[in-house]
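Each chain is listed here by its residues.
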Amino acid sequence: SHGSLTPRLPSFAFPLFPLPSLTALSPQAAMTKLAQWLCGLALLGSAWAALALAPPGLQPPAPLRQALLPLPVYLLVAFGCYSLATVGYRLATFNDCEEAAAELQEHIRAARADLRRRGLRL
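Residues numbered from 1 in each chain as written. Predicted model: local features only at pLDDT ≥ 70, side-chain atom pairs only at ≥ 80, totals over all residues. Heavy atoms only, no water.

**Points about the overall build of the chain**
Filter applied, for reference: Only DSSP runs of H or I covering at least 4 residues are called helices, and only runs of E covering at least 2 are called strands; the numbering of each starts at the N terminus. Throughout this description, buried means an accessible area under 20% of the type-specific maximum (1.4 Å probe, protein chains only), exposed means over 50%, and partly exposed covers the range between. Using a 1.4 Å probe, accessible areas were evaluated by the Shrake-Rupley method; residue-level cover was limited to the displayed protein chains.
Within the chain, the secondary structure is distributed over 4 helices and 0 strands. Each helix (α) and strand (β) of the chain, taken in turn from the N terminus, gives the series α-α-α-α. Within the chain, buried positions represent 4% of all 122 residues. Roughly 11,000 Å² of accessible area belongs to the chain as shown, and the carbon and sulfur atoms make up 69% of that amount.

**What to know about helix H4 (residues 98–117)**
The criterion, for reference: The span expected for a helix works out to 1.5 Å for each residue beyond the first.
The terminal C-alpha atoms of H4 lie 29 Å apart, and with 20 residues this matches the ideal 28 Å at 1.5 Å per residue to within 8%. A positive backbone phi angle near 105° is found at Gly119, which sits one or two residues after H4.

**Quick look at the UniProt feature "transmembrane region" (unreviewed entry) in the chain**
Our working definition: UniProt positions are given in the numbering used here, feature names are shortened, and annotations may be inferred rather than shown by experiment.
Mapped onto the present numbering, the UniProt feature "transmembrane region" (unreviewed entry) falls at residues 34–55 and 67–85. As annotated, residues 34–55 comprises 86% helix and 0% strand, and the C-alpha atoms at either end are separated by 32 Å. Summarising residues 67–85: 89% helix, 0% strand, and an end-to-end C-alpha distance of 26 Å.

**Re the environment of Leu68**
Put simply, the test is: Every residue pair with non-hydrogen atoms within 4.5 Å of one another is taken to be in contact.
Following the sequence through the fold, Leu68 ends up in helix H2 (residues 62–68). In sequence terms Leu68 and Trp48 are 20 residues apart; their C-alpha atoms lie 7.5 Å from each other. The contact partners of Leu68, leaving out residues within four places of it in the chain, are Trp48, Leu51 and Ala52.

**So, a nonpolar patch on the surface**
For the record, the criterion: Candidate patch residues must exceed 30% relative accessible area and have no salt bridge, after which like charges are joined if within 9 Å and Val, Leu, Ile, Met, Phe, Trp or Tyr side chains if within 5 Å. Any carboxyl oxygen of Asp or Glu within 4 Å of a side-chain nitrogen of Lys or Arg constitutes a salt bridge here.
Among the surface-exposed residues, Leu71, Val73, Tyr74, Leu75 and Val77 lie close enough to one another that they form a single nonpolar patch of about 490 Å² accessible area. Along the chain, the position of Leu75 falls in helix H3 (residues 71–92).

**Considerations on the layout of surface pockets**
What counts here: Here a cavity is any set of points on a 1 Å grid over the protein atoms alone where a 1.4 Å probe fits but cannot get out, and a pocket is any open set with protein on both sides within 12 Å along at least 5 of 7 lines; a residue lines the site when it has an atom within 4 Å of a point. Grid points are joined across faces, edges and corners, and a volume is the space filled by probe spheres set on the points. All amino acids are sorted into three groups, where Ala, Val, Leu, Ile, Met, Phe, Trp, Tyr, Cys and Pro are nonpolar, Asp, Glu, Lys and Arg are charged, and the leftover types, Gly among them, are polar.
Computed from the structure, the largest pocket encloses a volume of approximately 330 Å³. As for the largest pocket, its lining consists of 13 residues, of which Leu41, Leu44, Pro72, Leu75 and Leu76 are closest to the centre. Looking at the lining of the largest pocket, the elements that each hand over two or more residues are helix H1 (33–52) and H3. Split into classes, the residues belonging to the lining of the largest pocket amount to 12 nonpolar, 1 polar and no charged.

Set out below in structure tokens:
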């Protein structure tokens, strides 16, 4: 009573590379962006640890190993510089909304007038 002889893979078989037939997950079961980043970092960290902390017989050549050991620190500094540059750029190009500011000021004036009418002194 099985319609097809091809085996069906479970929906969790390829979480990083979803196939079209395997993407019928509910929104709650789908991998979040944070989980994707954490999986990627774990994969890269494992590769770094395997290369940098290899047993003496399996270690890469000395120049490569010397470049590999401080790599996480360099990547962290580069990420911090990128983050600061992005925040600085976004602040520099932030658009002022003159209409929204005027509307907000009008709401504040109306609220103050209403509070004065009710007897509150500001």
